[in-house]
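Residue-level listing of the chains:
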Amino acid sequence: MPGTPSLDLSKATKLKDMVFSCGKSDVLWITTTIQTATSKNLQQITVRLRPDLLDQIGEMVYQELQNLDCLLVQLWVSRSIRPNITYQTGKGERNMRWLAQGSLPKLAGRGFINALERR
Amino acid sequence: MRCNVGTNATRRWDGGTGTGDKRIGCGPRTERPGVSFPPLSQRLTVLVQLTMSCTLPPEILDLIVDHLHNQPAALRACCIVSSSWVPRTQKYLFARIEYHALNPPDTFERWKNTFPDPSNSPAHYVRTLSFYGLTAATATDAKTTGSWIRAFCRVVNLHVNIAGWEVTGRVSLAQLHGLSPNLKSIYLAHSSIPPSEVFNLICSFPLLEDLWFDLGFDIATGSSTGGWVIPSTSPKLTGSLRMMGNIRSTARQLCDLPDGLRFSKIMVWCPKEDVESIMQLVSRCSGTLESLSIYYYLSSAFSSASDWSGSHHCS
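A quick note: this is a predicted structure, and the numbers were derived from the prediction, not measured. Throughout this document, residue positions are counted from 1 along each chain, in the order its sequence is written. Written order decides the labels, with chains lettered from A and ligands numbered from 1. Local features are withheld for residues below a pLDDT of 70 in this predicted model, meaning they are given only at 70 or higher, and side-chain atom pairs are given and counted only at 80 or more; totals for whole chains, interfaces and linings count all residues.

## Regarding the environment of B:L61
Residues and elements named next belong to chain B. Short version of the rule: A helix here means a DSSP run of H or I that spans at least four residues, while a strand means a run of E at least two residues long, and both kinds are numbered starting from the N terminus. Exposure classification rests on a simple neighbour count of other C-beta atoms within 10 Å of a residue's own: a residue reaching 20 or more is buried, one at 12 or fewer is exposed, and one in between is partly exposed. C-beta atoms are placed from the backbone. The contact criterion used here is simple: two residues whose C-beta atoms, placed from the backbone, lie within 7 Å are in contact.
Checked against the element boundaries, L61 lands in helix α2 (residues 58–67). Under the C-beta neighbour-count criterion, L61 is labelled partly exposed, with 18 such atoms within 10 Å. The sequence separation of L61 and P271 amounts to 210 residues, and the corresponding C-alpha distance is 52 Å. Excluding its chain neighbours within four sequence positions, the residues that come into contact with L61 are L56, W85 and R88.

Put into structure tokens, the structure is as follows:
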């Protein structure tokens, strides 16, 4: 969300888990919001990739996804905060998997990207 | 086969099978001189009488019925076994009640006709009470309906879905005020009830923990907040907050509650324009918040409601 201030989660000291839905205009916002989370209780961060990511994301969004990839891996390595990247099965599943693995390579390499069954 | 017939509490079998076989705790049958046994048919009659009469301790009966809690057909069958089984089966049969205002005839009227006396109706067994369309339930006969509503004094979860029904008439939530002192959770789906009326309802339940708002996608949702006198106290609200739709005005009113917010879980599905509202809510609950889920929808992607249902799976 360009121009939207990030959430300040620095005072949420009991936060254990966070879930975000991620479209192509949300990546930067999610990254900056996660960076504000300082809770020592944080255990898991889930990012659900929305299908609109498949629309021509462009170089900028691709770079933002790479930054998110680095941040989540860093949190996993340094603070054992488990990342969980999901996308829905069904229409466009193959393209979404390809996109997720291509733009979030470090997370994909560690097996943190999962297909979520549509219910 | 022998049987000691005593009081209900002590009635029990203590003999063998009559064929001389041995069982744990049963000694071999021994003929006593001078004692004559009744014929087999008579002994079977006694057996049948004993079986039909209820001699199990009430705790065991409770366990049996508890085991059937999610099998309505079996519970209905249990209900006609014995009058002593009725209360313990009704506890589950009437645990969840739904009223559908537009199902002819109105199910609330049917309830009143079936249980004409509110004081001994099974309403006090109801733990989850759902209204789908409140107009018919509350507007037809306010006085008598009020006493009927009061009979549901042990409800823990209240579901009120009046989204779309508001157009059929003025909907009032006033008669649900203080419905049950034990109420822990409210689900409210509406699109045009003034937030003041919604929050007066919320503030009438001192032990309320969980709130779930389904507010629709109309931009004008609940925009009228003028004239609301904020109550002096508000519930503790320590559970989960789920908001779906245009959350702005409702979020603002939540933040104005006098005793603050202490939600441990916040789940929001809203337009991107409402991010400020989320920031306010998170800020108010920063000391207690343990779980945060945010789902923005695109104006062109209302069909992604499955994202919302999927959220329960995720967190």
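## Details of helix α1 (residues 27–36) of chain A
Inspection of α1(A) places A:V27, A:W29, A:I30, A:T31, A:T33 and A:I34 among the buried residues, and these make up the whole buried set. Residues of α1(A) that are buried sit in contact with β1 (17–22), β2 (44–49) and α2 (58–79) of chain A.

## Describing the pairing of β2(A)
Residue and element names in this part refer to chain A. Heads up, the condition is: A right-handed crossover is one whose linking path, passing over the helix from the first strand to the second, runs clockwise when the strands point away from the viewer.
Among the 6 residues in β2, 5 count as buried, and that is most of the element. Handedness of the β1-α1-β2 crossover: right-handed. Between the parallel pair β2 and strand β3 (residues 82–88), the chain is carried across by α2, and the sense of this crossover is right-handed.

## Re the sheet that holds strand β8 (residues 240–244) of chain B
Applied cut-off: One requirement defines pairing of two strands: DSSP has to find at least two bridges between them. The angle between two axes is taken between their N-to-C directions and runs from 0 to 180 degrees, where each axis is a line fitted to C-alpha atoms and a helix contributes only its stretch in contact.
Read across the sheet, 12 strands follow the order β4(A)-β3(A)-β2(A)-β1(A)-β10(B)-β9(B)-β8(B)-β7(B)-β6(B)-β5(B)-β4(B)-β3(B) without closing on themselves; strand pairing throughout is parallel. Whereas interior strands pair on both sides, the edge strands pair on one side only; in this sheet they are β4 (113–116) of chain A together with β3 (96–100) of chain B. Neighbour-to-neighbour, the strand axes of the sheet open up by a mean angle of 10°, direction not taken into account. Set on the sheet, helix α3 (residues 93–103) of chain A makes contact with β2, β3 and β4 of chain A; between it and β3(A) the angle comes to about 150°.

## Quick notes on unusual backbone geometry
Most of the time, phi is negative for any residue but glycine, and the peptide bond is trans. Although it is not a glycine, A:S80 adopts a positive phi angle of roughly 55°. Relative to the assigned elements, A:S80 resides in the loop between α2 and β3. Despite not being glycine, B:L237 shows a phi value in the positive range, around 50°. Residue placement: B:L237 occurs in the loop between β7 (210–214) and β8.

## Details of the environment of A:I30
All names here are of chain A. Its place among the elements puts I30 in helix α1. Separated by 11 residues in the primary sequence, I30 and V19 place their C-alpha atoms 9.9 Å from one another. Residues contacting I30, with those up to four places away along its chain left out, are F20, C22, V47 and L68.

## With respect to the packing of helix α3 (residues 72–79) of chain B against helix α4 (residues 86–93) of chain B
Residues and elements named next belong to chain B. This is how the line gets drawn: Convention used here: angles under 35 degrees read as roughly parallel, angles over 145 as roughly antiparallel, angles from 65 to 115 as roughly perpendicular, and any remaining angle as oblique. In this scheme the handedness of a crossing depends on how the near helix is turned from the far one: anticlockwise by less than a right angle means left-handed, clockwise means right-handed. Basically, the charged four are Asp, Glu, Lys and Arg, the nonpolar ten are Ala, Val, Leu, Ile, Met, Phe, Trp, Tyr, Cys and Pro, and anything else, Gly included, counts as polar.
At a closest axis distance of 9 Å, the pairing of α3 and α4 adopts a crossing angle of 155°. In terms of their interaxial angle, α3 and α4 are classed as roughly antiparallel. In terms of crossing hand, the pair formed by α3 and α4 is left-handed. When α3 is examined against α4, the residues P72, L75, R76, C78 and C79 are found in contact with a partner set consisting of V86, T89, Y92 and L93. Within the contact of α3 with α4, the residues separate by chemical class into 7 nonpolar, 1 polar and 1 charged.

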